[in-house]
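Inside the fold
Listed below, chain by chain, are the residues.
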There are 4 protein chains.
Amino acid sequence: MKIVIYNEHNEHHTQGDTLKSYPNGIHGALEELFKANNHEVKVFTHKNINNLTKEDLDDCDVMVWWGHMMHWHVEDSIVDLVCDSVLKGMGFIALHSSHLAKPFKKLMGTSCTLKWREIGEKERVWVVDPQHEIAKGLNEYFEIPHEEMYGEHFDIPTPDELVFIGWFAGGEVFRSGCCYKRGYGKVFYFQPGHETNPVYYQKDVQQVLLNAVNWAKPNVKKEKLDCPNITKPLENI
Amino acid sequence: MKIVIYNEHNEHHTQGDTLKSYPNGIHGALEELFKANNHEVKVFTHKNINNLTKEDLDDCDVMVWWGHMMHWHVEDSIVDLVCDSVLKGMGFIALHSSHLAKPFKKLMGTSCTLKWREIGEKERVWVVDPQHEIAKGLNEYFEIPHEEMYGEHFDIPTPDELVFIGWFAGGEVFRSGCCYKRGYGKVFYFQPGHETNPVYYQKDVQQVLLNAVNWAKPNVKKEKLDCPNITKPLENI
Amino acid sequence: MKIVIYNEHNEHHTQGDTLKSYPNGIHGALEELFKANNHEVKVFTHKNINNLTKEDLDDCDVMVWWGHMMHWHVEDSIVDLVCDSVLKGMGFIALHSSHLAKPFKKLMGTSCTLKWREIGEKERVWVVDPQHEIAKGLNEYFEIPHEEMYGEHFDIPTPDELVFIGWFAGGEVFRSGCCYKRGYGKVFYFQPGHETNPVYYQKDVQQVLLNAVNWAKPNVKKEKLDCPNITKPLENI
Amino acid sequence: MKIVIYNEHNEHHTQGDTLKSYPNGIHGALEELFKANNHEVKVFTHKNINNLTKEDLDDCDVMVWWGHMMHWHVEDSIVDLVCDSVLKGMGFIALHSSHLAKPFKKLMGTSCTLKWREIGEKERVWVVDPQHEIAKGLNEYFEIPHEEMYGEHFDIPTPDELVFIGWFAGGEVFRSGCCYKRGYGKVFYFQPGHETNPVYYQKDVQQVLLNAVNWAKPNVKKEKLDCPNITKPLENI
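Since the model is a prediction, treat every value here as computed from it, not as a measurement.

Moving on: helix H4 (residues 76-87) of chain A. Residue and element names in this part refer to chain A. Under the 1.5 Å per step criterion, the end-to-end length of H4 is 16 Å for 12 residues, consistent within 8% with the ideal 16 Å. Within H4 the residues assigned to the buried category are Ile78, Val79, Leu81, Val82, Cys83, Ser85, Val86 and Leu87. Where H4 terminates, the next one or two residues include Gly89, which has phi positive at roughly 135°.

Written out as structure tokens, the structure is:
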């Protein structure tokens, strides 16, 4: 499978806890994971995301997106490119703080707002759709020792499929794994992955990521989306 | 209930078959219907839609939208205003060719493309969710003697509720009545209503429109949508 | 509105903590609530549930069901009667341990199994669909000081609408408010309400119950459900 | 994959148009198709369906069911066996008149009633979810030259995914391809396949059947479904 990763990787990510958690960046951790599972990977960060081309995405099965403080930095033309590719069949995985990433918001049509608290509390992620492809190989829950709390109400459209619900020690719950169809493409939002903890190095989280790209890969890609005029009826009337 | 109607009412609508079908414009027909049912109505056309204000919508329960060839004319700031109001609770009814209206597309996140054919064929609209509030008082189907064909594939997100499926004499089907939740607001897409036939004067279609605004009126309105930082956990941890 | 309540009210309910929590039985608390809101109420317990008649239900808008250890006691003919009435339009509210009540299981088609723990821990019930009629008037969550834990995986069909998610102090989550359409009827499962605590006397829980019966009341009732042979086509073919 | 086929194959099926359409029975046509695609197949008819064992189904990935006039003949214990197997992970494909088959009705919880007309009219089956695995390789529609009409209202729970909508020459529409999750298993209802026409020999219909069993095969199988008592909380409280 061909995967394109975008990781914002802003200046805060090359120091402190994020550097400790992800010495090669979040993209580095994701790239390593996908390559180890025989996927081809192309990586973008905030430095070159605005150079992303239609060719990059035509050749891509699934795009994985992690952004946070620089959502504004991604140009609208790039957002349109990504969303058009999704509608034509490309899978799209939005991670953690990408709930506010421009392409995710555009695909959802809602504000995608939520509550948050950053005290590194424990999260327990429960599987509520155990037959789902994205839950394959998981136990009934997995724990994240230290995670940023994301809480309801999460302003998203009703998920086509809800796979995970997160329990937070501080008292909140969250719809942590949400599946959508948009055009010919599939979209998965996955809440875990605050940058200051090495969440994407956890085995069970990696299982989710591998399952998710597999689930999101296109069954079919569509060349263009338009409104054809069918001048002749199919039946005599 | 307070209803705001937008009808594009472009220059083609003041002549020929459209004038014959709607001597007072489509907005005139809708206004008359809603007023006769004790709703307050405010009307906009392409001439003043770009003067629409936040106050107009704060005071509005449901907006009803009919647009066609001048979707481009509605400024993006107005589109944002409408969509924000929906997310905060205002109902939104998109009629017929408004499948490509900017606010509807923005709320859906898809291309909203479809097939079409304009030969005035018969449509039979079937109720597939007879317990739905929007189907109240209807028989199992109603007929539209002459309608523009809209056919699948209709590129929309899976409806939260599918109320109607259209059968067209020429051989196509269409998901003709689709319900969505977006934020605190409800959205209903209703396919019938090509401008050259007086569809909105049909009794059963009027029943649908009255049911739809009733269904779409807000249970609650939200002041603002943001991402609050909940610094203190609800539980001792 | 006309409401029929079934409360199992077995011998354990007339002593100890249940008696203390509900001096007049759970049915007494529910009856009082609904009557205070101008609904007509008829009550059944395990002593006379098998005398329930078609007439009782033809005349009923919404049935509210609380059962636990005597699900087996309800005769299959009564279960069929209840389920048929739901399919013909009657609303059905299944409370707490009624997840295993025969009519609820029959309407769901799944095992409706779940996890449980009875240590009287705290539950916080989060609203995840704040625009829903059943969430009207509620804050973003309400707390139940002492509740039996019900945990995922809850083996139910994907809810048509998910209104509440429960957070439990002991570490679990639960889909605590689930809406379904079955035939012409609406079904709501609501998890809170263990018999040893006076949960149904809480103001916010009472709000949910009142909202729920209001939501579940029929828009239309159907006389019979059959497979008519339409010998003549609607169109000339 | 291991597939178990049930075809009622009553006495009417061994003569007249059914014999002409299916010289080896509907099960013969299905068996041939699945075997040609390297699946293992076991066949049951009304003569031995009541001998079906737990072992037969434990060893089965997907069961394909075609029944019509002898639904009553299948014993309730067999129905329970089939439904339990679905809840534990086995896929289940209900074909055509199996909308009233006992296992399908039990899994749905509704009456599954519909309209019908048997004049051999044309059906055109439209794909409304073109990204779905069951629509893989299909054009935007396929035609069935002569089919029994099945019309709305079809009394089923809202499908988790709606893949096909049928257009009938006589004027009706039908939700002809409906996906459900039930427990760990997947259920697909497919409307085409009246016995007097060789529908299951059509290439596009065969494509649907092959896609459907592939979609319905279990990701995981569960040993038992029960309500475990989790005596110890996961967290200190």
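The subject of this paragraph is the packing of aromatic side chains. We describe a pair of aromatic rings using the distance from one ring centre to the other and the angle between the two ring planes. All names here are of chain C. Here the structure, examined in full by the defined rule, presents 54 aromatic pairs over all chains. Relative to Tyr189, the ring of Phe104 has its centre 5.5 Å away and its plane inclined at 35°; by these criteria the two rings are tilted. A residue pair is termed long-range when its members are at least 10 positions apart, and Phe104 in helix H5 (residues 102-108) and Tyr189 in strand S9 (residues 185-190) qualify at 85 residues. The class of Phe104 is buried, set by a relative accessible area of 0%. Positioned over the ring face of Trp167 is Arg124, at 5.1 Å from the centre of the ring.

As a further point, take the packing of helix H2 (residues 25-36) of chain B against helix H6 (residues 203-216) of chain B. All names here are of chain B. The contact between H2 and H6 brings their axes to 11 Å, and the two run at 65°. For H2 against H6, the interelement crossing comes out right-handed. Across the interface between the two elements, Leu30, Leu33 and Phe34 from H2 touch Gln206, Leu209, Leu210 and Val213 from H6. The residue makeup of the contact of H2 with H6, split by class, is 6 nonpolar, 1 polar and no charged.

The next thing to look at is the interface of chain B and chain A. With 40 residues of chain B at the interface, the matching set in chain A holds 40 residues. For the pairing of chain B and chain A, the buried interface totals around 3000 Å² over both sides, and the portion due to carbon and sulfur atoms is 61%. The largest contributions to the chain B side of the interface with chain A come from Trp116, Cys227 and Ile230 of chain B, which together make up 17% of the buried area. At the boundary of chain B with chain A, the tally comes to 0 salt bridges. The tally of links from chain B across to chain A stands at 14 residue pairs in polar contact (both at pLDDT 80 or more). Broken down by element, the residue count for the side of chain B that touches chain A peaks at 5 residues, all from strand S5 (residues 115-127) of chain B.

This part takes up a positive patch on the surface. A contiguous patch of positive charge, built from Lys136 and Lys217 of chain A together with Lys136 and Lys217 of chain D, is present on the exposed surface. For Lys136 of chain A, the position within the fold is in the loop between strand S5 (115-127) and strand S6 (141-151).

Our focus in this paragraph is the sheet that holds strand S2 (residues 40-44) of chain C. Working definition: the strands of a sheet are paired by backbone hydrogen bonds and lie parallel or antiparallel to each other. Residues and elements named next belong to chain C. Taken in spatial order, the 9 strands of this open sheet run S2-S1-S3-S4-S9-S8-S7-S5-S6, and their pairing is mixed. Of all the strands in the sheet, just S2 and strand S6 (141-151) have a single pairing partner and so form its edges. For this sheet, the mean inter-axis angle between neighbouring strands, taken without regard to orientation, is 25°. By the bridge criterion, 4 bridges tie strand S4 (residues 91-95) to S9 in an arrangement that is parallel. Residue pairing in the sheet places Ala94 in a bridge with Tyr189 of S9. Sheet contacts for helix H2 (residues 25-36): strand S1 (2-7), S2, strand S3 (62-66) and S4; angle to S1, the most-contacted strand, approximately 165°. Docked against the sheet, helix H6 (residues 203-216) engages S1, S3, S4, S6, strand S7 (161-168), strand S8 (173-182) and S9, running at close to 165° with respect to S9.

So, on to the relation of the copies chain B and chain A. Take chain B, turn it by 180°, move it 0.0 Å along the axis, and it overlays chain A with an RMSD of 0.0 Å. As the rotation angle and translation indicate, the two copies are arranged about a two-fold axis. Taking C-alpha positions as reference, the residue of chain B nearest the rotation axis is Gly109 of chain B, located at 2.7 Å. Both copies contact each other with a shared surface, as 100% of the interface residues of chain B are interface residues in chain A too.

Right, let's get into the interface of chain D and chain C. Counting residues at the interface gives 40 residues for chain D, matched by 40 residues for chain C. Carbon and sulfur atoms make up 62% of the area that chain D and chain C hide from each other, which totals about 3000 Å². On the surface where chain D and chain C come into contact, there are 0 salt bridges. Taken together, the elements giving at least two residues each to the side of chain D that touches chain C come down to helix H5 (102-108), strand S5 (115-127) and strand S8 (173-182) of chain D. The element contributing the most residues to the side of chain D that touches chain C is S5 of chain D, with 5 residues. Of the residues assigned to the side of chain D that touches chain C, the class counts are 17 nonpolar, 11 polar and 12 charged.

Scoring rules and cut-offs
Each chain has its residues counted from 1, running along the sequence as written. Throughout, the order in which chains and ligands are written sets their labels, letters from A for the former and numbers from 1 for the latter. Thresholds applied to this predicted model are a pLDDT of at least 70 for local features of residues and 80 or more for the giving and counting of side-chain atom pairs; totals over whole chains, interfaces and linings are not thresholded and use all residues. Excluding hydrogens and water, the side-chain values take into account all heavy atoms of the structure. Put simply, DSSP marks the helices as runs of H or I at least four residues long and the strands as runs of E at least two long, and each gets a number from the N terminus on. A helix is expected to reach a length of 1.5 Å times the quantity of its residues less one. Partly exposed describes any residue whose relative accessible area lies between the buried limit of under 20% and the exposed limit of over 50%, with all areas from a 1.4 Å probe on protein chains only and scaled to the type maximum. Between rings of Phe, Tyr and Trp, where Trp is taken as its six-membered ring, a pair exists when centres lie within 6.5 Å; planes separated by under 30 degrees are stacked, by over 60 edge-to-face, and by other angles tilted. Two thresholds decide whether a charge sits over a ring: the Lys NZ or Arg CZ must be within 6 Å of the ring centre and within 35 degrees of the ring normal. Fitting a line to C-alpha atoms yields each axis, with helices limited to the stretch in contact; the angle taken between N-to-C directions then spans 0 to 180 degrees. Note on convention: near helix rotated counterclockwise from far helix by under a right angle means a left-handed crossing. Clockwise means right-handed. Residue contacts are counted whenever heavy atoms from the two residues lie within 4.5 Å of one another. The residue classification treats Ala, Val, Leu, Ile, Met, Phe, Trp, Tyr, Cys and Pro as nonpolar and Asp, Glu, Lys and Arg as charged. All others, Gly included, are polar. Accessible-area loss on putting two parts together, using a 1.4 Å probe and summing over both, is the definition of buried area adopted here. We define a salt bridge as a contact between a side-chain nitrogen of Lys or Arg and a carboxyl oxygen of Asp or Glu at a distance within 4 Å. Polar contacts, as counted here, are pairs of nitrogen or oxygen atoms within 3.5 Å of one another; within protein the pair requires one atom able to donate a hydrogen and one able to accept it, and residues that are adjacent in sequence qualify only if both atoms are side-chain atoms. Candidate patch residues must exceed 30% relative accessible area and have no salt bridge, after which like charges are joined if within 9 Å and Val, Leu, Ile, Met, Phe, Trp or Tyr side chains if within 5 Å. Values of accessible area rely on a 1.4 Å probe in the Shrake-Rupley scheme; residue burial ignores everything except the protein chains shown. Working convention for charge: Lys and Arg count positive, Asp and Glu count negative, and His plus the chain ends are omitted. Charged side chains are reduced to one point each, which is NZ for Lys, CZ for Arg, CG for Asp and CD for Glu. For two strands to be treated as a pair, DSSP must find at least two bridges joining them. The atoms used to superpose the copies are C-alpha atoms, taken from residues with pLDDT of at least 70 in both, and the fit is least squares.

It is worth stressing that arrangement in space is one thing and function is another; only the former is reported here.
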